[in-house]
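So you can see what is in the structure, the chains are spelled out below.
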Amino acid sequence: QVQLVESGGGLVQPGGSLRLSCAASGSIFSILSMGWYRQVPGKRRELVAYITNGGSTNYADSMKGRFTISRDNAKNTVTLQMSTLKPEDTAVYYCKLVVSTATGYNYVYWGQGTQVTVSS
């Protein structure tokens, strides 16, 4: 069993910053990638950023230059540093973990989500 625990959401004013963290625990053989997605009511969940086991990163265009994703491999945690936040960044942010097993299967796990609200 794999668990993801997210933290760091909340209310912030436009232009402010927030840091989201996600810690993975449980029976993990190998992590392929960790990342963040977000969703607003009535819309599809969208990619924010992810980081691979090798350290490669990928960002959605609207987050480039404002968000930074990083990972602590020893602690199985991923952090999303968000700055210059805009009201349109308001969403529930979900941590996503992709793992592989000893037998070569890949599994995807999602966190419970953390609310980020950008408002004055």
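In what follows, the accompanying structure is described. What you see is a predicted model, and the numbers here were worked out from it, not measured in a lab.

What counts as what
Residues numbered from 1 in each chain as written. Predicted model: local features only at pLDDT ≥ 70, side-chain atom pairs only at ≥ 80, totals over all residues. Heavy atoms only, no water. Helix = DSSP H or I, 4+ residues; strand = E, 2+ residues; numbered from the N terminus. Rg over C-alpha atoms; globule rule 2.2 N^0.38 Å. Buried < 20%, exposed > 50% of the residue type's maximum accessible area, 1.4 Å probe, protein only. Contact = heavy atoms within 4.5 Å. Areas by Shrake-Rupley, 256 points an atom, 1.4 Å probe, with all protein chains shown as cover. Pairing = 2+ DSSP bridges. Axes fitted to C-alpha atoms, helices over the stretch in contact; angles between N-to-C directions.

## Things to note about the overall build of the chain
At step 1: The helix and strand tally for the chain stands at 0 helices and 11 strands.
At step 2: Mapped from its N terminus to its C terminus, the chain presents α and β elements in the order β-β-β-β-β-β-β-β-β-β-β.
At step 3: At 14 Å, the chain has a C-alpha radius of gyration in line with the 14 Å of a compact globule built from 120 residues.
At step 4: Structurally, the chain occupies a C-alpha span of about 50 × 25 × 25 Å along its principal axes.
At step 5: For the chain, the residues scored as buried account for 39% of the 120 residues in total.
At step 6: Sequence separation of at least 24 residues holds for 55% of the intrachain contacts in the chain that already meet a minimum separation of 6.
At step 7: In the structure as shown, the chain presents an accessible area of about 6500 Å², 48% of it carried by carbon and sulfur atoms.

## A few points about the pairing of strand β5 (residues 46-52)
At step 1: Sheet topology note: the strand β4 (residues 30-39)/β5 ladder contains 6 bridges and is antiparallel. Bridging across to β5, Arg 38 finds its partner in Glu 46.
At step 2: Connecting the antiparallel pair β4 and β5 is a turn made up of 6 residues, with Gly 42 showing a positive phi of about 85 degrees.
At step 3: Here β5 runs beside strand β6 (residues 57-59); their pairing, made up of 3 bridges, is antiparallel. Pairing of Ile 51 across the sheet is with Thr 57, part of β6.
At step 4: Linking β5 to β6, which pair antiparallel, is a turn of 4 residues; within it Gly 55 sits at a positive phi near 100 degrees.

## Some words on the sheet that holds strand β7 (residues 67-72)
At step 1: Pairing is antiparallel in the open sheet, where 4 strands are placed in the order β1-β3-β8-β7. The sheet is open, and its two edges are formed by β1 (2-7) and β7, each paired on a single side. Ignoring strand direction, the axes of neighbouring strands in this sheet form an average angle of 15 degrees.
At step 2: Bridge count between strand β3 (residues 18-26) and strand β8 (residues 77-82): 6 bridges; the pairing is antiparallel. In the sheet register, Arg 19 faces β8, and the bridge partner there is Gln 81.

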